[in-house]
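# Residue-level structural notes
Okay, here's what each chain looks like letter by letter:
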Amino acid sequence: MAWTRIVNHEGKVVVTLPSPVLDRYRIRNPDGTEPIESERDDTIVRAVGDGGFGTVVRVADRVELPRALKIINPAQLAAVRSSRHSRLYTPGYSASPTDSDSITSRISDEIRNTNALPFKNIVPIIDYGSFHDANGATLPFYVSPFIPGTPLDKYFIARRPTEADLNADRSLPSRLHDLILALIDDLLRALTELADAGVVHMDLKPANIMVMRTADPTPASGSISDRLFVIDLGAAISAHGPRRDRVHLIITPRFFPTHLLNELEFSRSDGMVSHQAVVQHGRQIDMFAVGRTLELLFLDRVRRSVTDFEVNDKSRVVERSKELLSRRVLGDDFAVVEGLIDRLMKTNGDGFTSPADAQLAFQTVARHESRSVLASRILTDQSPGLRVNVGGT
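Residues numbered from 1 in each chain as written. Predicted model: local features only at pLDDT ≥ 70, side-chain atom pairs only at ≥ 80, totals over all residues. Heavy atoms only, no water.

## Re the overall build of the chain
Helix and strand counts for the chain come out as 10 helices and 18 strands. For the chain, the proportion of its 393 residues judged to be buried stands at 53%. Residue pairs at least 24 apart in sequence account for 67% of intrachain contacts in the chain once pairs closer than 6 positions are excluded. Roughly 17,900 Å² of accessible area belongs to the chain as shown, and the carbon and sulfur atoms make up 51% of that amount. (Helix = DSSP H or I, 4+ residues; strand = E, 2+ residues; numbered from the N terminus. Buried < 20%, exposed > 50% of the residue type's maximum accessible area, 1.4 Å probe, protein only. Contact = heavy atoms within 4.5 Å. Areas by Shrake-Rupley, 256 points an atom, 1.4 Å probe, with all protein chains shown as cover.)

Written out as structure tokens, the structure reads:
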């Protein structure tokens, strides 16, 4: 029997499937080319991405439209859940095989609930199913349109200018300013779409926010025509789905408001939460994740990664301040973005009541002549939402 072996960026085989994998989809390399069969008739394909939930490969449908096929590995998912829930104050927690079965069932249910929603900034799930790997294990999958873009954090890292860039091109700060505000507005619009549809994404983070380039993708360049899309609804919970008492919590702890665990009736024994409570607090959960994402991109108050460091002429590693660059590029609008981040991450009465409220506040302030005055209102307003008279300050 011929096999299709999917490898990650390190060249390690992560999934082995019989060839052909599916009648209605043909596997492609990340660049869209057809994979080459080896002498043993095996096909080696590099994954587009490989994470905690599974592996993503590029495929083509029957009319050669590019699609992203995500393969869920229940064993891998159980291992990741064990690790993540250990970080959620549950030392020694271990997900069982039955957890994987019920998680797979939950994901399938949510796919059915979200695949027909008319999203503009959310990449929908358009197909789902399952197949067997080389060991006979059942692997669920789901399919979305393929977005030839870049994760949000890598997108901004590639465009982060140096002092030389800024001095050489005096129009660069203005172009980056417009780009940043346009993409933040796109992100808030996507958040509003989810809330209006009664869907809680549950795993919003830079890796699940893609920017599709529509301009010259050279470093420190960009266009306000670049589009932002939220991907990966596999962990989503829908208010319109099957009514369950308890559901498995599938999250990335860094982007989750862990102080809400008690309100969600989180169980440290099995890692489950109340379905009703998740729906009730869903807007706060997703808004917090967006706030944390923007915080990581533009502010210095969180732990930095290696991408925030550079080597100078003397071969010393020096820290690069995201916040100083953000202030220089955004000017008066830095206070607007900082205030937006703070209120998105407040899950009590001081935060926004909804993503639509946050988007309206952001749009109103960002285009107002007295931005510095209105920005202070975003930071200090104690009302559920920002109420602005656009005719004056």
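## Overview of the side chain of Arg-67
Relative to the elements of secondary structure, Arg-67 occurs in strand E7 (residues 66-72). A polar contact of 3.4 Å, which involves the side chain of Arg-67, links it to the side chain of Asp-61. Not counting the four nearest positions on each side in its chain, Arg-67 is found in contact with Tyr-25, Val-57, Arg-58, Val-59, Asp-61, Ile-126, Val-143, Ser-144, Pro-145 and Phe-146. (Polar contact = N/O pair within 3.5 Å; in protein donor to acceptor, adjacent residues only side chain to side chain.)

## Notes on the sheet that holds strand E2 (residues 13-18)
By definition, the strands of a sheet pair up through backbone hydrogen bonds, in either a parallel or an antiparallel sense. The 3 strands are arranged E2-E1-E4 in an open sheet whose pairing can be described as mixed. Two strands close off the open sheet at either side, each with one partner strand: E2 and strand E4 (43-46). With direction set aside, neighbouring strand axes in the sheet form an average angle of 25 degrees. (Pairing = 2+ DSSP bridges. Axes fitted to C-alpha atoms, helices over the stretch in contact; angles between N-to-C directions.)

## Details of helix H7 (residues 322-330)
Residues of H7 that are buried include every one of Lys-322, Glu-323, Leu-325, Ser-326, Val-329 and Leu-330, and no others. Angular distribution of buried residues about the axis of H7 spans 160 degrees; they occupy a single face of the element. Positive phi shows up at Gly-331, right after H7, with a value of about 60 degrees. (Arc of directions from axis to C-beta.)

## A look at the pattern of salt bridges
Inspection of every chain in the model, using the stated rule, returns 13 salt bridges. One salt bridge connects Glu-64 with Arg-26, and the closest N-O pair in it is separated by 2.6 Å. Residue Glu-64 is found in the loop between strand E6 (54-60) and E7, and its partner Arg-26 is found in strand E3 (residues 26-28); the two are separated by 38 residues along the sequence. Among the charged side chains, a salt-bridge network with shared partners connects Asp-185, Asp-186, Arg-189 and Arg-227. (Salt bridge = Lys/Arg side-chain N within 4 Å of Asp/Glu carboxyl O.)

## As for the environment of Ile-209
Positionally, Ile-209 belongs in strand E12 (residues 209-212). For the pair formed by Ile-209 and Ala-190, sequence separation is 19 residues and the distance between their alpha carbons is 9.9 Å. Setting aside residues up to four positions removed in sequence, Ile-209 forms contacts with Thr-150, Pro-151, Leu-152, Leu-187, Leu-228, Phe-229, Val-230 and Thr-293.

## Description of the confidence of the model for the chain
Averaged over all residues, the pLDDT of the chain is 77; the fraction at 70 or higher stands at 71%. The secondary structure element of the chain with the lowest average pLDDT is strand E18 (residues 317-319), at 43, and the one with the highest is helix H6 (residues 275-298), at 94. Overall, residues 304-319 carries pLDDT values under 50, and its contacts beyond four positions in sequence, including any with other chains, amount to 21 contacts. Here residues 382-393 is modelled with pLDDT under 50, and outside its nearest four sequence neighbours on either side it reaches 36 contacts, counting other chains as well. (pLDDT = per-residue confidence, 0-100.)

## What about the nonpolar core?
In terms of nonpolar packing, the biggest core is built from 55 residues, with Phe-156, Ile-184, Leu-233, Leu-294, Phe-298, Leu-340 and Leu-344 touching the most fellow members. If you list the elements that add at least two residues to this core, you get helix H3 (152-158), helix H5 (172-196), E12, strand E13 (227-230), H6, H7, helix H8 (333-344) and helix H9 (355-366). A total of 12 residues in this core trace back to one element, the largest contributor, which is H5. If you look at the next biggest cluster of nonpolar residues, it comprises 16 residues, including Ile-6, Ile-71, Phe-141 and Val-143. (Core = buried A, V, L, I, M, F, W, Y, C linked by side-chain atoms within 4.5 Å.)

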